[in-house]
Amino acid sequence: MLALMLAQRGIKATVLEKSDEIDRNPRASFYSSPVIYELRRAGLMEDIMKKAFVANGVSWKHIDFTPICTIHSHNPPGAETIISLPLDELLPIMAEHLGKLGNGKTLLKHEVLSIGQDETKAWAHVKTPEGEKKFEADYIVGCDGAGSTVRRQLFGSNFPGFTWDKQIVATNVYYPAFKDFGWISSTFMMHPEHFPMIAQIANDGLLRITYGEEANLTREEMRERQPWKFKQFVPGAPEPSEYEVRNFSPYKIHQRCAEKFRVGRVLLAADAAHVCNPFGGMGLTGGLVDVGGLVDCLYGIYTGQADDSILDKYSDIRIQKYKEIIDPISSSNIKRLWDPSEEAIKNDPFFQMVKRAEVDEAFSKELQQGANAVMHDFTQYYKKKD
């Protein structure tokens with residue numbers, strides 16, 4: 001996404017990708033208003049909407065399926081606020097658009113080993129199929145995920161924050177009978193152990209079923225428990241013969257943020273810069289909004305409308321957005337699922353807002369636009385024209 005948006009603005013950009021293909025593991029797939037804004041800027045929405053699933057809302061239920069509250073999506077054509085397209089379908093669209101531009105490219109099987117910089121340039125030593133090579137550029141941006149090599153080169157193992165004492169299992173599942181239950185497109189369920197989320201993520205009925213697991217279990221143990229888990233919270237308590245698990249991906253969940261997103265000519269964005277639990281999609285949202293802001297900063301430098309101090313603003317403001325919005329909201333999103341008591345639900349300000357939105361359409365629209373608070377306009381720091 002970053003390379004595409006830079007290349008569209010005449011800036012040469014090269015993606016160094018360690019893998020030899022697109023990651024097929026279950027990843028975030030829902031895009032809310034701030035992400036859709038950036039996808040439109042990148043010229044991707046027309047192609048995305050040919051495949052995207054348009055969500056109709058989110059509900060919260062008890063584990064016995066008793067409803068708590070629901071918020072319905074406002075998705076008029078051309079002004080969508082929430083859509084879904086699995087990342088392994090979005091990435092080829094991005095790659096195709098990037099491939100059409102002469103100044104942007106993706107190099108697969110290129111693993112960054114180390115980085116360096118001086119006053120005039122930055123560089124990366126890279127393992128390639130032809131041997132080790134050195135790549136030079138004005139800037140290096142680490143978009144290489146939670147285990148970022150670029151971040152480790154800058155800060156070692158220091159990645160402030162914590163790891164939750166629970167694991168998440170994300171699965172992609174075909175369960176044909178699910179449609180018969182008439183559920184809204186996304187549902188969160190309250191339970192201290194399971195805290196599941198079931199969402200349709202594609203037009204062909206593909207479901208994302210995510211749930212909690214004990215922290216000390218191995219992948220094999222979790223895989224063995226999966227049929228029992230589904231029986232606890234999937235409607236119809238299906239037998240394994242009634243569904244097909246396409247992907248099974250357990251992972252640890254974290255709340256962490258790097259101390260800086262800029263060190264000289266090296267920058268961090270998305271999961272390389274900050275991570276959070278997946279409930280509510282704040283990680284993907286924050287990451288792609290990072291990219292949109294960084295594009296404006298680098299374009300400002302490229303065109304002489306800003307000096308490189310704008311990158312310090314990028315670092316400071318994106319860290320502020322993480323600490324004041326992404327971290328607390330994503331933490332609340334998961335913690336509220338652990339307490340199904342009537343008192344907790346009644347006193348939760350978020351549930352109070354959703355219940356108001358159920359009967360107040362104007363407030364519902366306002367609530368769904370709340371995610372836009374993660375955005376920031378960095379062009380305001382461009383030099384004033386005479």
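Further up the page is the structure itself.
Residues numbered from 1 in each chain as written. Predicted model: local features only at pLDDT ≥ 70, side-chain atom pairs only at ≥ 80, totals over all residues. Heavy atoms only, no water.

Read from one edge of the open sheet, 8 strands run S5-S4-S13-S14-S15-S12-S16-S19, paired in mixed fashion. This sheet does not close on itself; its edge strands, each paired only once, are strand S5 (67–72) and strand S19 (274–275). By the bridge criterion, 2 bridges tie strand S16 (residues 244–257) to S19 in an arrangement that is antiparallel. When the bridges of S19 are listed, Arg-256 appears paired with Val-275. Set on the sheet, helix H10 (residues 349–359) makes contact with strand S4 (57–62), S5 and strand S13 (186–190); between it and S5 the angle comes to about 60°. (Pairing = 2+ DSSP bridges. Helix = DSSP H or I, 4+ residues; strand = E, 2+ residues; numbered from the N terminus. Contact = heavy atoms within 4.5 Å. Axes fitted to C-alpha atoms, helices over the stretch in contact; angles between N-to-C directions.)

So, about unusual backbone geometry. Even without a glycine there, the phi angle at Lys-109 is positive, about 55°. Judged by relative accessible area, which is 46%, Lys-109 ranks as partly exposed. Phi is positive for Ala-237, close to 40°, though the residue is something other than glycine. As for its position among the elements, Ala-237 is in the loop between helix H6 (219–233) and S16. (Buried < 20%, exposed > 50% of the residue type's maximum accessible area, 1.4 Å probe, protein only.)

An order of S8-S9-S10 is seen for the 3 strands of this open sheet, with the pairing classed as antiparallel. Unpaired on one side and paired on the other, strand S8 (111–117) and strand S10 (131–137) mark the two borders of the sheet. Going across the sheet, the axis of each strand differs from the next one's by a mean of 20°, ignoring polarity. Two elements, S8 and strand S9 (residues 122–128), share 6 bridges in a ladder whose sense is antiparallel. When the sheet's bridge partners are listed, Ser-114 is paired in S9 with His-125.

Here we come to the packing of H10 against helix H11 (residues 361–368). Where H10 meets H11, the closest approach of the two axes is 6 Å, and the angle between their N-to-C directions is 135°. The angle between H10 and H11 falls in the class oblique. For the pair H10 and H11, the sense of crossing is left-handed. Contacts from Met-353, Val-354, Arg-356, Ala-357 and Val-359 of H10 reach H11 at Glu-361, Phe-363, Ser-364 and Leu-367. Broken down by class, the residue content of the contact of H10 with H11 amounts to 6 nonpolar, 1 polar and 2 charged. (Parallel < 35°, antiparallel > 145°, perpendicular 65-115°, else oblique. Left-handed = near helix turned anticlockwise from the far one by under 90°. Nonpolar A, V, L, I, M, F, W, Y, C, P; charged D, E, K, R; others polar.)

Take the pairing of strand S14 (residues 197–200) next. In the sheet, S13 pairs with S14 via 3 bridges, with the strands oriented antiparallel. When the bridges of S14 are listed, Thr-187 appears paired with Ile-198. Two successive antiparallel strands, S13 and S14, enclose a turn made up of 6 residues, where Phe-195 displays a positive phi of approximately 30°. Bridge count for S14 against strand S15 (residues 207–214) is 4 bridges, and the pairing is antiparallel. Bridge pairing links Ala-199 to Arg-208 in S15.

Don't take any of this as a statement about function, it's just geometry.
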